[in-house]
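Below are the chains, spelled out letter by letter.
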Amino acid sequence: MSLTDLGPRGRARAFRGIVWREALRFLRQRERFLSALVRPLVWLFIFAAGFRAVLGISITPPYQTYVLYEVYVTPGLVAMIQLFNGLQSSLSMVYDRETGAMRTLLVSPFPRWFLLTSKLLAGVFVSILQVYAFLLIAWFWDIEPPLWGYVAVLPALLLSGMMLGALGLFLSSAIRQLENFAGVMNFVIFPMFFASSALYPIWRLQESSPLLANIARANPFTHAVELIRFALYLQVNWISLAVVVGCTAAFLGASIWAYDPSKGLIARKR
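Residues numbered from 1 in each chain as written. Predicted model: local features only at pLDDT ≥ 70, side-chain atom pairs only at ≥ 80, totals over all residues. Heavy atoms only, no water.

Draft legend 1. Structural detail: the nonpolar core. Judged by nonpolar contacts, the single largest core of 58 residues is most densely connected at Leu 83, Phe 134, Phe 193, Phe 221 and Ile 228. Secondary-structure elements contributing two or more residues to this core are helix H2 (30-51), helix H3 (69-99), helix H5 (112-139), helix H6 (149-174), helix H7 (181-194), helix H10 (220-232) and helix H11 (238-258). It is H3 that contributes the most residues to this core, 12 residues altogether. Apart from residues lying up to four places away in sequence, Phe 193 is in contact with Trp 43, Gly 76, Met 80, Leu 83, Ala 198, Leu 199 and Phe 221. Core analysis: the next-biggest nonpolar cluster, separate from the first, contains 5 residues, Ile 18, Phe 110, Phe 114 and Leu 115 among them. (Core = buried A, V, L, I, M, F, W, Y, C linked by side-chain atoms within 4.5 Å. Buried < 20%, exposed > 50% of the residue type's maximum accessible area, 1.4 Å probe, protein only. Helix = DSSP H or I, 4+ residues; strand = E, 2+ residues; numbered from the N terminus. Contact = heavy atoms within 4.5 Å.)

As structure tokens, this is what we get:
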């Protein structure tokens, strides 16, 4: 391979190939798209209807008035789609490692950080498509943020998707078999989701359990939710933005180290 093939053109070609492979996998697994929508829609249509009568939402930023529970919970459900998609992408990495397909990717002459980042971005693009499909359905349920909010939320979705996808990428380096993935789902996804501001405001947690409220404040998933929530209403939560960017850099750096065959977690397994 010539130096020209490793330059910007070659990298753009490799990036397109990785994204196209992820898109084909997504198109062939239609149940993956449906399952990504079923979970948030169940929360939106069933649980939100029951919680509306018992859980009132006061006027808190970014909302300018009282909102219904389903309006409050929508950004958390959007982040849930990205969380599950990030772990789903890590599952595909484990599968590729078992079948030997990942070896072809990692022996490429391109830098490993470029290949892993491309794989991460490909998964994020898929999750964004799922998020906008969910927001479209929610719009028919009278959940209507400002029209420009659908555009303003795109950078927040990109950042939060990269953070959660990088976390899944790092976890995939420590999972040896597909059978172990269910355990990771139980010990990573559900604690992150329920111990956050996705389903209820932190001030509610503070009233009942200050310890749980502190855990939720330290949870990176909380800041992903708040970043999306504020962006939908044309505002910026600067603290959440800083936390998401910092966690993205940390998780991605850990993933690149873990996939280093000479000194990462894969090397230790060997």
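Draft legend 2. Spotlight on unusual backbone geometry. If you check the backbone angles, Asp 142 has positive phi at about 65° while not being a glycine. On the secondary structure map, Asp 142 appears in the loop between H5 and H6. Accessibility expressed as a relative area gives 62% for Asp 142, which makes it exposed. Look at Leu 234: it is not a glycine, yet its phi comes out positive at around 60°.

Draft legend 3. Region of the structure containing a nonpolar patch on the surface. Taken together, Val 38, Val 42, Ile 46, Phe 47 and Phe 51 make up a surface patch of nonpolar side chains, about 410 Å² in accessible area. Its place among the elements puts Ile 46 in helix H2. (Patch = residues over 30% accessible without salt bridge, like charges linked within 9 Å, V, L, I, M, F, W, Y side chains within 5 Å. Areas by Shrake-Rupley, 256 points an atom, 1.4 Å probe, with all protein chains shown as cover. Salt bridge = Lys/Arg side-chain N within 4 Å of Asp/Glu carboxyl O.)

Draft legend 4. Broad picture of the side chain of Glu 226. Following the sequence through the fold, Glu 226 ends up in helix H10. Among the residues examined, Glu 226 registers a relative accessible area of 14% and is labelled buried. In contact with Glu 226, other than residues within four places in its own chain, are Ser 197, Asn 237 and Ser 240.

Draft legend 5. Here's a closer look at the packing of aromatic side chains. Scanning all chains against the criterion turns up 10 aromatic pairs. Centre to centre, the rings of Phe 193 and Phe 194 are 5.2 Å apart; their planes meet at 70°, and the pair counts as edge-to-face. Of the residues examined, Phe 194 reaches a relative accessible area of 35% and is grouped as partly exposed. Ring pairing ties together the aromatic residues Trp 43, Phe 84, Phe 190, Phe 193, Phe 194 and Phe 221, which thus form one cluster. Across the ring face of Phe 84, the terminal group of Arg 39 is positioned such that the distance to the ring centre comes to 3.8 Å. (Phe/Tyr/Trp six-rings, centres within 6.5 Å; stacked < 30°, edge-to-face > 60°. Lys NZ or Arg CZ within 6 Å of the ring centre and 35° of its normal.)

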